[in-house]
Amino acid sequence: MSDIAKLQIGDNSYEFPLVKGTENEVAINIKTLRSATNGVITIDPGYKNTGSCESAITFLDGEKGILRYRGYTIEELAEKADFLEVAYALIFGDLPTKEQLEKFHNDIKSKSVVDDDVKKIVDAFPKTAHPMGVISSLTSALTAFNPSSVNVDSEEDMYNSVVKIMGKFPVLVAWTLRKKQGLPLNYGSKSLGYVENILKMMFEQPNEDYVINPIIKNALDKLLILHADHEQNCSTSTVRIVGSSHAGLFASLSAGISALWGPLHGGANQAVLEMLEAIKEDGGDTKKYMAKAKDKNDPFRLMGFGHRVYKNFDPRATIIKKAADDVLNELGVEDPILDIARGLEQEALNDPYFVDRKLYPNVDFYSGIIYRAMGIPVEMFTVMFALGRLPGWISQWKEMRLKKEPIGRPRQIYTGENERPFIEIEKR
Ligand code: CMC
């Protein structure tokens, strides 16, 4: 293949260089398009064909169902790594040595205390508030308690901001849950592992010691790893674009959390469980809901199905489906909605509507079933997704700032009124 793309507009032709990634993905570099063509731009709603950056963090091939963080396959990471190791690899580029991991964890622990005044903010939220709104606000509030913006030219400053948010965010997640449940706001224990401590902070009752169940700990590790990054999705692109204005790290993350909340993105895990519950309540008639999903006059979509990039299968869904079976078996939980989920999947995989559109279960289809078996309330599911995605967002923000990417500012094609005179209000 030549390394030039040719574009013909009217009588004029233009040449643009191709950019090739390490996995041979190809893009046309149109940096000079507008200046060379006297104002022509590209238009691509939803950015379905637009690469926003070159990135060395995550590779995914939607046709083959491949997902790798920093070159490590998601299958191997989910089986062999723990979440903190994966977070380190995403943020710093390689899996850590024992010493590097220990230092990272100690530094995180040393920065995990949140200003006690934040508790007053937590207290001010009604118990009925959606946890995603709460966690997004609390993350934003951290900027008030940590006002200095990150000096990205200083490795130390960058590192400190990373360990600060890795330490404080799980505390805020736990407080969001505890507030909802009327439990005192606590800190876990410095002697525990990162994920064990998250469980203790979330679930410890004031009148008894929290005993860690290894099945739950392993399931959470796996879920967090599977959610840790997914290249330029909606929330990550949000973090990068907000950060590109040189807004602070915490402010950029807070914006990313808001983007994640929507049901077409991370909010799908809550929506899936609510959908499965509704089908159960309605007598378990999966065929009726399949018909609704296919009916173009019905806004209902089969939540947890379809993906912008995966057009074969979502490798995360394969791992999560198996984990759901294992976790429910090991915990001895019988959840009738698992059968409904399996039934829907079987029907969809054999239905031409879904087959033709290449719609398969995505990461969110089975994750809620595991979260529920672990005792996590439905409204917290997307917060758990945010907890997993945190290192991905951090690494993408860090990469964007270190590469000194320009401010994100797309253009548009204007389709409104042409210039017209102002008419006094009495005369309109
Ligand atoms: N149920 C029924 N039809 C669907 C679904 C679905 N879940 N997803 C896509 N379609 C149809 C859609 O109506 C369209 O049909 P047609 O070509 O006849 O107009 C076709 O499939 C292509 O869909 P699209 O909306 O153009 O695809 P997209 O890439 O813009 O959207 C998606 C991807 C994930 C937003 C979409 O598949 C969806 O809404 N899925 C349900 C929500 C969900 O599970 N989201 C989680 C995604 S994975 C985790 C994450 O991103 O955080």
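Here the structure is a predicted model, which means the values were calculated and not measured. (Residues numbered from 1 in each chain as written. Predicted model: local features only at pLDDT ≥ 70, side-chain atom pairs only at ≥ 80, totals over all residues. Heavy atoms only, no water.)

Quick notes on the overall build of the protein chain
At step 1: Across its full length, the protein chain holds 18 helices and six strands.
At step 2: With respect to the principal axes defined by its C-alpha atoms, the protein chain has extents near 80 × 65 × 55 Å.
At step 3: Within the span of the protein chain, comprising 428 residues, buried residues form 46% of the whole.
At step 4: Considering only contacts within the protein chain whose residues lie at least 6 apart along the sequence, 71% involve residues at least 24 apart.
At step 5: Of the roughly 21,900 Å² that the protein chain leaves accessible, carbon and sulfur atoms contribute 50%. (Helix = DSSP H or I, 4+ residues; strand = E, 2+ residues; numbered from the N terminus. Buried < 20%, exposed > 50% of the residue type's maximum accessible area, 1.4 Å probe, protein only. Contact = heavy atoms within 4.5 Å. Areas by Shrake-Rupley, 256 points an atom, 1.4 Å probe, with all protein chains shown as cover.)

Overview of the pattern of salt bridges
At step 1: This structure, assessed with the given rule, holds 25 salt bridges.
At step 2: In this structure, Lys-200 engages Glu-204 in a salt bridge whose closest nitrogen and oxygen atoms are separated by 2.8 Å. Take Lys-200 and Glu-204: they sit in the same class, and that class is buried.
At step 3: The partner of Glu-277 in a salt bridge is Arg-372, with the nearest N and O atoms 2.7 Å apart. (Salt bridge = Lys/Arg side-chain N within 4 Å of Asp/Glu carboxyl O.)

Looking at empty space enclosed by the protein
At step 1: The full count for this structure, using the stated rule, is three cavities of 30 Å³ or more.
At step 2: Here the largest cavity defines a volume of roughly 50 Å³.
At step 3: If you list the elements that add at least two residues to the lining of the largest cavity, you get α6 (131–145) and α7 (155–181).
At step 4: Ranked by residues supplied to the lining of the largest cavity, first place goes to α7 with three residues. (1 Å grid on protein atoms, 1.4 Å probe; cavity = no way out; pocket = protein on both sides within 12 Å on 5 of 7 lines; lining within 4 Å. Points joined across faces, edges and corners; volume = space filled by probe spheres on them.)

Re the site of the ligand
At step 1: For the ligand, the set of nearby residues contains 23 residues, the closest of which are His-265, Arg-301, Leu-302, Gly-304 and Arg-308.
At step 2: Considering the ligand on its own, with 940 Å² of exposed area, one finds that the protein chains cover 78% of that surface.
At step 3: Class assignment of the residues belonging to the shell around the ligand gives a composition of 11 nonpolar, six polar and six charged. (Near = heavy atom within 4 Å. Nonpolar A, V, L, I, M, F, W, Y, C, P; charged D, E, K, R; others polar.)

So, the nonpolar core
At step 1: Counting 112 residues, the largest nonpolar core has Met-166 and Leu-302 as the members making the most contacts within it.
At step 2: Top contributing element to this core by residue count: α7, with 12 residues.
At step 3: If we ignore the near neighbours within four places in the chain, the residues touching Met-166 are Leu-84, Ala-87, Ile-91, Phe-104, Ile-108, Tyr-194, Leu-390 and Ile-394. (Core = buried A, V, L, I, M, F, W, Y, C linked by side-chain atoms within 4.5 Å.)

Description of helix α3 (residues 83–92)
At step 1: Of all 10 residues making up α3, eight are buried, and the element is well covered by its neighbours.
At step 2: Every buried residue of α3 is listed here: Phe-83, Leu-84, Val-86, Ala-87, Tyr-88, Ala-89, Leu-90 and Ile-91.
At step 3: Where α3 starts, the residue carrying a side-chain oxygen 3.2 Å from the main-chain nitrogen of Leu-84 turns out to be Asp-82.
At step 4: With its phi angle positive at about 110 degrees, Gly-93 sits one or two positions after the end of α3. (Polar contact = N/O pair within 3.5 Å; in protein donor to acceptor, adjacent residues only side chain to side chain.)

Focus: the pairing of strand β5 (residues 66–69)
At step 1: By the bridge criterion, four bridges tie strand β4 (residues 58–61) to β5 in an arrangement that is antiparallel. By the bridge assignment, Leu-60 is partnered in β5 with Leu-67.
At step 2: Hairpin connection, β4 to β5: the antiparallel pair is bridged by four residues, and Gly-65 has positive phi, about 70 degrees.
At step 3: Inspection of the sheet shows β5 paired to strand β6 (residues 72–73) by two bridges, in the antiparallel sense. Note on β6: the bridge partner recorded for Tyr-69 is Tyr-72.
At step 4: Where β5 folds back onto β6 in an antiparallel hairpin, the turn is made up of two residues, including Arg-70, whose phi is positive at roughly 50 degrees. (Pairing = 2+ DSSP bridges.)

Here we look at the sheet that holds β4
At step 1: Taking strand neighbours across the sheet as the criterion, the three strands line up as β4-β5-β6 in an open arrangement whose pairing is antiparallel. Here the strands that pair on one side only, and so sit at the sheet edges, are β4 and β6.

What to know about the environment of Asp-326
At step 1: Examined against the element boundaries, Asp-326 turns out to sit in helix α14 (residues 315–331).
At step 2: For Asp-326, a relative accessible area of 29% puts it in the partly exposed group.
At step 3: Separated by 93 residues in sequence, Asp-326 and Glu-419 have C-alpha atoms that sit 65 Å apart.
At step 4: Of the polar contacts made by the side chain of Asp-326, one reaches the side chain of Lys-322; its length is 2.8 Å.

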